[in-house]
Amino acid sequence: MLSHPVNCLGFPITFDGKSVCFVIDNELYTAEPGFQNEPYEKNSSISPNALKILITDPTCFDDEYPKKTHWGHPPVGRVVEIATAVKVKALHLF
């Protein structure tokens, strides 16, 4: 389960020790009950060096985020921060 006002799931696809992670509709800062708030490196079974591609959908820049909380989407800066922490090889934002 992801952090979104409507139920959403994120999932990894792993083959031969390499993973693609498809995570859309996931607000990373929400502190509301029932929302998942742990970053990708804690709430997935993907080892940091195995994640090759992360596909996700930030919908605002960091300075716009305070006006868009609870929409179910993260700001770009937070996505880049997490992708860097888990050593993503390719980050695809849409």
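Small disclaimer: the values here were computed from a predicted structure and weren't measured. (Residues numbered from 1 in each chain as written. Predicted model: local features only at pLDDT ≥ 70, side-chain atom pairs only at ≥ 80, totals over all residues. Heavy atoms only, no water.)

### Here we look at the nonpolar core
Listed in full, the nine residues of the largest apolar core are L2, C8, C21, V23, L51, L54, A83, V86 and V88. For this core, the elements supplying multiple residues, two or more each, are β2 (18-23) and β3 (51-56). (Core = buried A, V, L, I, M, F, W, Y, C linked by side-chain atoms within 4.5 Å. Buried < 20%, exposed > 50% of the residue type's maximum accessible area, 1.4 Å probe, protein only. Helix = DSSP H or I, 4+ residues; strand = E, 2+ residues; numbered from the N terminus.)

### Some points on the sheet that holds β3
Taking strand neighbours across the sheet as the criterion, the four strands line up as β1-β2-β3-β4 in an open arrangement whose pairing is mixed. Of all strands in the sheet, those bounded by a partner on one side alone are β1 (11-15) and β4 (90-93). Going across the sheet, the axis of each strand differs from the next one's by a mean of 15 degrees, ignoring polarity. Bridge analysis of β3 against β4 gives four bridges, and the strand direction is parallel. When the sheet's bridge partners are listed, T56 is paired in β4 with L93. In the packing of helix α2 (residues 76-85) onto the sheet, the strands contacted are β3 and β4, and the crossing angle to β4 comes to about 160 degrees. (Pairing = 2+ DSSP bridges. Axes fitted to C-alpha atoms, helices over the stretch in contact; angles between N-to-C directions. Contact = heavy atoms within 4.5 Å.)

### Notes on the pairing of β2
Only one face of β2 is covered, namely the face carrying S19, C21 and V23; the face carrying K18, V20 and F22 is uncovered. As judged from the five bridges shared by β1 and β2, these two strands associate in the antiparallel manner. When the sheet's bridge partners are listed, P12 is paired in β2 with C21. Taking the residues that link successive antiparallel strands as the turn, the β1-β2 hairpin has two residues, and the phi of D16 there is positive, at about 55 degrees. Sheet analysis places β2 next to β3, joined by five bridges and oriented parallel. Along β3, the bridge assignment pairs F22 with I55.

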